[in-house]
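One-letter residues, chain by chain:
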Amino acid sequence: MQWNDGGGRYGLKQETKYPFENKIQIHVSGSQPKDYTLYVRIPHWATPGPVLSVNGKRVSDTGQPGTFASIRRTWKEGDSVELELPMPLRLETVDANHPNLVALVQGPLVLFALADSQPSFDRNALLQAKPANNSTGDWLATSTDGSNVTMRPFMNIDKESYSTCVLLKS
């Protein structure tokens, strides 16, 4: 993004592999130093403790998840902002009437179970899924029958059968 202001030319360039990685860098450019406020969105799920830094120095107030952190300063060519978002696995229930029907979520990504039928899991086993470290962003979770179930972000599902939500066994 680039803009002109008061005879100067300014820009912000974002570099990231988000949502597959948790770091976001914003590089500042400017033809001359300029005082302005940069607002950075802190997603509601980014707990505990997102880390926001300017030029490698941690910003003390990152704001609350679900709001914008504001950084007011005189920005100059070469300044950078880095946001590191915590992205632990969590479970999201379908609704209050179905507390045992959940989606496995990592940061902003819902992980879909690749299976011909809806698998069931123990809550703790599902939250202990491990990354497969492959190009499709898969995670592996052990179902209640002891089988490994591949959990995959939707955008990387091709022709596989999948379930958005899985069943938690008590």
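Just above sits the structure.
Along each chain, residue indices are assigned from 1 in the same order as the chain's sequence is written. Confidence filtering applies because this is a predicted model: local features only for residues at pLDDT of at least 70, side-chain atom pairs given and counted only at 80 or more, and all residues used for totals across whole chains, interfaces and linings. To get the side-chain values, take all heavy atoms of the structure and skip hydrogens and water.

Section: the nonpolar core
Core analysis: the largest hydrophobic core is formed by 20 residues, its most contacted members being Val40, Leu52, Ile71, Trp75, Val81, Leu83 and Leu85. Strands are runs of DSSP state E lasting at least two residues, helices are runs of H or I lasting at least four, and both sets are numbered from the N terminus onward. The dominant element in this core, judged by the number of residues it contributes, is strand 4 (residues 34–42), at four residues. Contacts are assigned to residue pairs with any non-hydrogen atoms lying within 4.5 Å of each other. Residues contacting Trp75, with those up to four places away along its chain left out, are Val28, Gln32, Pro33, Lys34, Tyr36, Leu38, Val54 and Val81. Within this scheme, the nonpolar core is defined by two criteria: the residues are buried Ala, Val, Leu, Ile, Met, Phe, Trp, Tyr or Cys, and they are joined through side-chain atoms within 4.5 Å. Here's how the labels work: a residue is buried when its accessible area is under 20% of the maximum for its type, exposed when over 50%, partly exposed in between, all with a 1.4 Å probe on protein chains only. Counting 15 residues, the second-largest nonpolar core is a separate cluster that includes Leu91, Val102, Ala141 and Val149.

With respect to the sheet that holds strand 8 (residues 80–84)
One bridge is not enough; two strands pair if DSSP finds at least two bridges between them. With respect to topology, six strands assemble into an open sheet ordered 1-2-3-8-5-6, the strand pairing being antiparallel. Looking at strand neighbours, the two that pair on one side only are strand 1 (2–5) and strand 6 (57–58), the edges of this open sheet. Relative to strand 6, strand 5 (residues 51–54) is paired through two bridges, and the arrangement is antiparallel. Looking at the pairing, Ser53 lines up with Arg58 of strand 6.

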